[in-house]
Amino acid sequence: MRYAAMLVLMVVATLVTEVRAAEGVVGYYRFPTIHGDRIVFASEGDLWEVDAAGGAASRLTTHIGEEAFAKFSPDGRWLAFSAEYDGNVDAFVMPAGGGEPRRLTFHPDRDEVIAWRPDSRSVVFRSRRGQAHGSEWRLYDVPVGGGAPILVPVGMATLASFDDDNRFIAFNRISRERATWKRYKGGTAQDIWIGDLRRREFAKLTDFEGTDRFPMWHRGRVYFVSDESGRLNIHSARPDGSDPKQHTFHEDYDARWPDESERADRLHVRGRASRVRH
Ligand SMILES: [Ca+2]
Ligand SMILES: [Ca+2]
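Residues numbered from 1 in each chain as written. Chains lettered and ligands numbered in written order. Predicted model: local features only at pLDDT ≥ 70, side-chain atom pairs only at ≥ 80, totals over all residues. Heavy atoms only, no water.

Here the calcium ion (ligand 2) is held by Asn88 (OD1), Val89 (O), Asp90 (OD), His107 (O), Asp109 (O) and Asp111 (OD), and the distances to it run 2.1 to 2.6 Å. Here the calcium ion (ligand 2) binds six donor atoms, and the angle range of 74 to 165° at the metal identifies the geometry as octahedral. Written as a sequence motif, the donor arrangement for the calcium ion (ligand 2) is N-V-D-x16-H-x1-D-x1-D. Linking Val89 in the loop between strand E6 (78-83) and strand E7 (90-95) with Asp109 in the loop between strand E8 (102-103) and strand E9 (112-116), this pair joins segments that are 20 residues apart in sequence. (Donors = N, O, S within 2.8 Å, 3.2 Å for Na, K, Ca; no water. Tetrahedral: all angles 85-135°; square planar, octahedral: opposite > 155°, others 65-115°. Helix = DSSP H or I, 4+ residues; strand = E, 2+ residues; numbered from the N terminus.)

Let us now look at the packing of aromatic side chains. Geometry of an aromatic ring pair is reported as the spacing of the ring centres plus the angle between the planes. By the definition in use, this model includes 11 aromatic pairs. Taken together, a centroid distance of 6.1 Å and an interplanar angle of 25° make the contact between Phe168 and Trp217 stacked. Of the two residues, Phe168 is situated in strand E14 (residues 168-172) and Trp217 in strand E17 (residues 212-218); the sequence distance between them amounts to 49 residues. Residue Phe168 is classed as partly exposed on the basis of its relative accessible area of 26%. Judged by relative accessible area, which is 9%, Trp217 ranks as buried. Three or more aromatic residues link up through ring pairs in this structure, and these residues are Phe31, Phe69, Phe214 and Trp257. Note that Arg126 overlies the ring of Trp137, its terminal NZ or CZ placed 4.6 Å from the centroid. Between the NZ or CZ atom of Arg129 and the centre of the ring of Tyr140, over which it lies, the distance is 5.2 Å. (Phe/Tyr/Trp six-rings, centres within 6.5 Å; stacked < 30°, edge-to-face > 60°. Buried < 20%, exposed > 50% of the residue type's maximum accessible area, 1.4 Å probe, protein only. Lys NZ or Arg CZ within 6 Å of the ring centre and 35° of its normal.)

All right, on to the coordination of the calcium ion (ligand 1) then. Tetrahedral coordination by four donors sets the ideal angle at the metal to 109.5 degrees; octahedral coordination by six donors sets it to 90 or 180 degrees. The calcium ion (ligand 1) binds to the protein through Gly45 (O), Asp46 (OD), His63 (O), Gly65 (O), Glu67 (OE) and Glu67 (OE); the donor distances cover 2.2 to 3.2 Å. Classification of the site at the calcium ion (ligand 1) as irregular follows from its six donor atoms and the range of 44 to 175° in their angles at the metal. One chain supplies every donor to the calcium ion (ligand 1), and in sequence these donors are spaced G-D-x16-H-x1-G-x1-E. Here Glu67 lies in strand E5 (residues 67-72) and Gly45 lies in the loop between strand E2 (38-43) and strand E3 (46-51), a separation of 22 residues in the sequence. Taking relative accessible area as the criterion, Gly45 reaches 25% and is therefore assigned partly exposed. For Glu67, a relative accessible area of 1% puts it in the buried group.

What is shown is where atoms sit, not what they do.
Pasting the structure below:
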């Protein structure tokens, strides 16, 4: 498992180099999502697709509005993302291979795509709609076919991932992933929470005083990034907090905005593509 994770991190570094060489320009590549051999990422205000092995990237969107936060559905059929097409950020979905985006949210607050439910039937996005304080995000489900968003009843929540049975959620209550502060240990340092959606029971997975964020549920473990080593690296633990492990050991750059995908029996984890200097 450890070697698979490190291998894919290396592949992404190669990918960035090859994309740069193919276009003859230096890019800024953010918010990657992976499914099987396919990676979609954001750059130049559009979404791009590239093979996980590297090569030239293809532009999936061309609208003047910015697209970001793309997430492949677990079955690989769909690509959900957030875009500024109609005056503010809303959630959209389109076929994974490209096609006409279909709008899923219509609220004047930002609606940022965070995850999919395991059955690929609904998109989970975060929004501050209806909140008195601007820093309090909530999670909402919206059916892939469209419909009224439904609050995910876990209280304050930002980044999230669901187990394969759709019973448990791993999530952050606080959003600080855009901040560039290093080794922050103040009052808004992020921890991972585990929620049992059936029994409505919640507990902290992590208690490190620094940053633990981007939970990714995978085969009975919860993976996340933590700066416990001084840099943001990939860690994991069982849902009860036992058997903690560190999987990557980057010392120069943080692993940011990771994503995971199932392929055969391997876990794919990658760092933020833009961590490569440009
Ligand atoms: Ca665009
Ligand atoms: Ca909106």
